[in-house]
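Survey of secondary and tertiary structure
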Amino acid sequence: MTVNWRISLLLTALLLNACAATATQDAVCHGQKIMIQFVPGVDVMRADFSAGLSRDAGVPVDYMRPLFDDYYLYCAGLEGQGHALEEVLERLQGRSDVRAVEIDRIQRPQR
């Protein structure tokens, strides 16, 4: 009976650890995190939407997560691209469906 209880406890702990790691894991950004506010009604989850942002920015722009209202967090991959961040922000700001683009200055503490 004691062995079954210990095995059950161990399996529960492993399962909870795996679930917690998946639920709290934030996508890794190897470039610069940027916040983009879109005009209402833009479907950022459309399959080709990030590809269009990347094309217009001239660098890979990957969706990370929603923030609030019409604000979304993206990762602009600037490594090896030869583009200045200001240039990328200006290009994105020029889109008709974008209200505002800014650098994500609020960083979560690393664990």
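Right above here is the structure, for reference.
One structure accompanies this document, and this report is about it. (Residues numbered from 1 in each chain as written. Predicted model: local features only at pLDDT ≥ 70, side-chain atom pairs only at ≥ 80, totals over all residues. Heavy atoms only, no water.)

1. Focus: the packing of aromatic side chains
- Overall, the coordinates contain six aromatic pairs when judged by the stated rule.
- Residues F38 and F49 carry aromatic rings whose centres are separated by 5.3 Å and whose planes lie at 70° to one another, so their mutual orientation is edge-to-face. Linking F38 in strand β1 (residues 32–38) with F49 in helix α2 (residues 49–57), this pair joins segments that are eleven residues apart in sequence.
- On the basis of an interplanar angle of 70° and a centroid distance of 6.1 Å, the ring pair of F38 and Y74 is categorised as edge-to-face. Taken together, the residues span a long stretch of sequence, with F38 in strand β1 and Y74 in strand β3 (residues 71–76) at a distance of 36 residues. Exposure class is identical for F38 and Y74. Each is buried.
- Taken together, the ring pairs connect F38, F49, Y63, Y72 and Y74 into an aromatic cluster. (Phe/Tyr/Trp six-rings, centres within 6.5 Å; stacked < 30°, edge-to-face > 60°. Helix = DSSP H or I, 4+ residues; strand = E, 2+ residues; numbered from the N terminus. Buried < 20%, exposed > 50% of the residue type's maximum accessible area, 1.4 Å probe, protein only.)

2. Looking at the sheet that holds β1
- If you walk across this open sheet you meet the four strands as β2-β3-β1-β4, and the pairing is antiparallel. Looking along the sheet, the strands with just one partner apiece sit at the ends: β2 (61–68) and β4 (98–103). Going across the sheet, the axis of each strand differs from the next one's by a mean of 25°, ignoring polarity.
- Across five bridges, the pairing between β1 and β4 is antiparallel. Its bridge partner being in β4, F38 is matched across the sheet by V98.
- Relative to β2, α2 is tilted by about 115°, and along the sheet it contacts β1, β2 and β3.
- Relative to β4, helix α3 (residues 85–93) is tilted by about 165°, and along the sheet it contacts β1 and β4. (Pairing = 2+ DSSP bridges. Axes fitted to C-alpha atoms, helices over the stretch in contact; angles between N-to-C directions. Contact = heavy atoms within 4.5 Å.)

In short, the description is geometric, and any link to function would need to be established separately.
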